[in-house]
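Residues per chain are reported as follows:
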Amino acid sequence: MRFLLDAEQAEFGRTLDRMLGAADTPSAVRAWAAGDPGPGRGLWSRIAETGVFALAVPEAYDGMGLLPVELAVVFVELGRHAVPGPVVETAAAAVLLAGAARDGGAAKEWLPGIAAGRAVVSLGAGPGSYVLDADAADAVFVVAGADVRRATVRGECVESADPARRLFRVEAGEVLAGDAARAVARATGLAALLTAAQSLGVGLELLRRTVEYVGQREQFGVPIGTFQAVKHRLADALLGLEFARPLVFGAALSMAGPDVDSPGAGRDVAAAKVAAGEAAYRAARAALQLHGAVGYTEELDLSLWLRKARPLRDAWGTPAQCRARVVSAVR
């Protein structure tokens, strides 16, 4: 089965690619890693103007409804351009608030701002988990079993493999919604899907930059890209990414269908997450090896993508957890 984007979806992706390509995202990433969210928030506002975050917000709150396929298109591009911030968590929190708050209070307070790009929020998988970019978020939410709680930052930033992924411990506070297991499952499933799409974008950019580099770097008077071993390494990375791509968009279709809460949809998301995460990580290892010592330098923009691959592989479902979900769903 082939999963092909329609003309409108493909053009939406190209528009984002052009917009982000014209922005100085490496500078925004480095500022974010240093604790200065200003440039990143400016980039966030520009992204929101295209309607990105409205894709996760119901129409009743100034959004476009939940559109997983379009969101997957978006997050591939966000990964391709290394956009910083809790982009996945904001989209997932929108789904959580829309489905969990019975009185609509939290949804009315936050969803219009999320849709318009005025509000940046983060989401944690549990009271004891690390929460991404909690210091730069306007609000932090955590799930505790079937409960949704507001949270506050506790302690200093914890070092991450990716300096632009700033992790914090949080303290759970007031309960915003109880008995919200279905909304929690949908939100965490969307977070896994969008992380998979982000991983795919990171891997594709790593591969693109590496192909460009091996065409320029020479040994023995010829580009190293002409060496058979280099070609094989790049081909393996490409195959992994291209096999992951239909899994990501197939999982997005599963989430967009009527059986979004079925075990099959959860299996599809888990399969996409493990495939995209592992493929991006392989692309990162190939990129580092083929760039040689220069690949370790902070000054090279490549490092901004290299450092994302492994954390994204493990965020919102490690490979072992995702494989276990796939196995349990087919029994």
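This structure is a prediction, so every number in the text was calculated from the model and none was measured.

What counts, and at which threshold
Residues numbered from 1 in each chain as written. Predicted model: local features only at pLDDT ≥ 70, side-chain atom pairs only at ≥ 80, totals over all residues. Heavy atoms only, no water. Helix = DSSP H or I, 4+ residues; strand = E, 2+ residues; numbered from the N terminus. Buried < 20%, exposed > 50% of the residue type's maximum accessible area, 1.4 Å probe, protein only. Contact = heavy atoms within 4.5 Å. Areas by Shrake-Rupley, 256 points an atom, 1.4 Å probe, with all protein chains shown as cover. Lys, Arg positive; Asp, Glu negative; His and termini not counted. Charge placed at Lys NZ, Arg CZ, Asp CG, Glu CD. Axes fitted to C-alpha atoms, helices over the stretch in contact; angles between N-to-C directions. Left-handed = near helix turned anticlockwise from the far one by under 90°. Salt bridge = Lys/Arg side-chain N within 4 Å of Asp/Glu carboxyl O. Pairing = 2+ DSSP bridges. Expected span 1.5 Å × (residues − 1). Core = buried A, V, L, I, M, F, W, Y, C linked by side-chain atoms within 4.5 Å. Polar contact = N/O pair within 3.5 Å; in protein donor to acceptor, adjacent residues only side chain to side chain.

Here's the deal with the overall build of the protein
Right, on to step 1. For the protein, the count of helices and strands is 11 helices and seven strands.
Right, on to step 2. Taken across its 331 residues, the protein has 52% of its residues classed as buried.
Right, on to step 3. Within the protein, contacts between residues at least 6 apart in sequence are counted, and of these 70% link residues at least 24 apart.
Right, on to step 4. In the structure as shown, the protein presents an accessible area of about 14,400 Å², 53% of it carried by carbon and sulfur atoms.
Right, on to step 5. Looking at the protein, you have 35 positive and 37 negative side-chain charges, and the mean spots of the two groups are 6 Å apart.

Some words on the packing of helix 7 (residues 181-214) against helix 10 (residues 302-314)
Right, on to step 1. Axis separation between helix 7 and helix 10 bottoms out at 9 Å; the angle between their running directions is 145°. In this structure, helix 7 meets helix 10 at a crossing whose hand is left-handed. Note on element contacts: helix 10 touches helix 7 through Leu 302, Trp 305, Leu 306, Lys 308, Ala 309, Leu 312 and Arg 313, opposite Thr 195, Gln 198, Ser 199, Val 202, Glu 205, Leu 206 and Arg 209.

Some points on the pattern of salt bridges
Right, on to step 1. Taken as a whole, this structure holds 16 salt bridges when the rule is applied.
Right, on to step 2. The shortest N-O distance in the salt bridge between Lys 308 and Asp 162 comes to 3.0 Å. In this pair, Lys 308 sits in helix 10 while Asp 162 sits in the loop between strand 4 (147-158) and strand 5 (167-177), placing the two residues 146 residues apart along the sequence.
Right, on to step 3. For Asp 162, a relative accessible area of 3% translates into the label buried.

Observations regarding the sheet that holds strand 3 (residues 139-144)
Right, on to step 1. In space, the five strands of this open sheet follow the order 1-3-4-5-2, with mixed pairing throughout. In this open sheet, the two strands that pair with only one neighbour each are strand 1 (121-124) and strand 2 (130-132). Looking at each pair of strands side by side, their axes are set apart by 50° on average, direction ignored.
Right, on to step 2. Pairing analysis gives four bridges linking strand 1 to strand 3, with the strands arranged parallel. Bridged to Leu 123 within strand 3 is Phe 141.

Comments concerning helix 5 (residues 87-100)
Right, on to step 1. Under the 1.5 Å per step criterion, the end-to-end length of helix 5 is 20 Å for 14 residues, consistent within 8% with the ideal 20 Å.
Right, on to step 2. Most of helix 5 is tucked away: 12 of the 14 residues are buried.
Right, on to step 3. Taken together, the buried positions of helix 5 are Val 87, Val 88, Glu 89, Thr 90, Ala 91, Ala 92, Ala 93, Ala 94, Val 95, Leu 96, Leu 97 and Ala 100.

Description of the nonpolar core
Considering soluble globular proteins, one finds that nonpolar side chains tend to be buried as a cluster.
Right, on to step 1. If you look at the biggest cluster of nonpolar residues, it comprises 99 residues, and the most contacted ones within it are Ile 47, Phe 75, Leu 96, Ile 114, Leu 206 and Val 248.
Right, on to step 2. Per-element accounting of this core gives the leading share, 16 residues, to helix 7.
Right, on to step 3. Excluding residues that lie within four positions of it along the chain, Leu 96 makes contacts with Leu 123, Val 143, Val 148, Ala 183, Val 184 and Ala 187.
Right, on to step 4. Listed in part, the eight residues of the second largest apolar core include Ala 134, Ala 137, Val 142 and Phe 168.

Considerations on the environment of Ala 177
Right, on to step 1. Structurally, Ala 177 can be placed in strand 5.
Right, on to step 2. Exposure remark for Ala 177: the relative accessible area of 7% places this residue in the buried category.
Right, on to step 3. It is 35 Å that separates the C-alpha atoms of Ala 177 and Val 202, two residues lying 25 residues apart in sequence.

Here we look at helix 7
It helps to recall that an α-helix has 3.6 residues per turn; residues three or four apart then point in one direction.
Right, on to step 1. Its 34 residues give helix 7 an end-to-end C-alpha distance of 49 Å, which sits within 8% of 50 Å, the value for a rise of 1.5 Å per residue.
Right, on to step 2. Most of helix 7 is tucked away: 24 of the 34 residues are buried.

Some remarks on unusual backbone geometry
With the exception of glycine, most residues fall at negative phi, and the peptide bonds are largely trans.
Right, on to step 1. One non-glycine residue, Ala 82, lies in positive phi territory at about 55°.
Right, on to step 2. Within the fold, Ala 82 resides in the loop between helix 4 (68-80) and helix 5.
Right, on to step 3. Phi angles above zero are rare outside glycine, and Trp 316 is one such case at about 55°.
Right, on to step 4. Residue placement: Trp 316 occurs in the loop between helix 10 and helix 11 (319-330).

Quick word on the environment of Val 143
Right, on to step 1. Tracing the backbone through its elements, the reader meets Val 143 in strand 3.
Right, on to step 2. As for Val 143 and Leu 123, which are separated by 20 residues in sequence, their C-alpha atoms are 7.9 Å apart.

A word on the side chain of His 291
Right, on to step 1. For His 291, the location among the structural elements is in helix 9 (residues 263-291).
Right, on to step 2. For His 291, a relative accessible area of 6% gives the class buried.
Right, on to step 3. There is a polar contact of 2.9 Å between the side chain of His 291 and the backbone oxygen of Ala 287.
Right, on to step 4. Those residues in contact with His 291, other than ones at most four positions away along the chain, are Arg 209, Thr 210, Tyr 213, Arg 217, Leu 300 and Leu 302.

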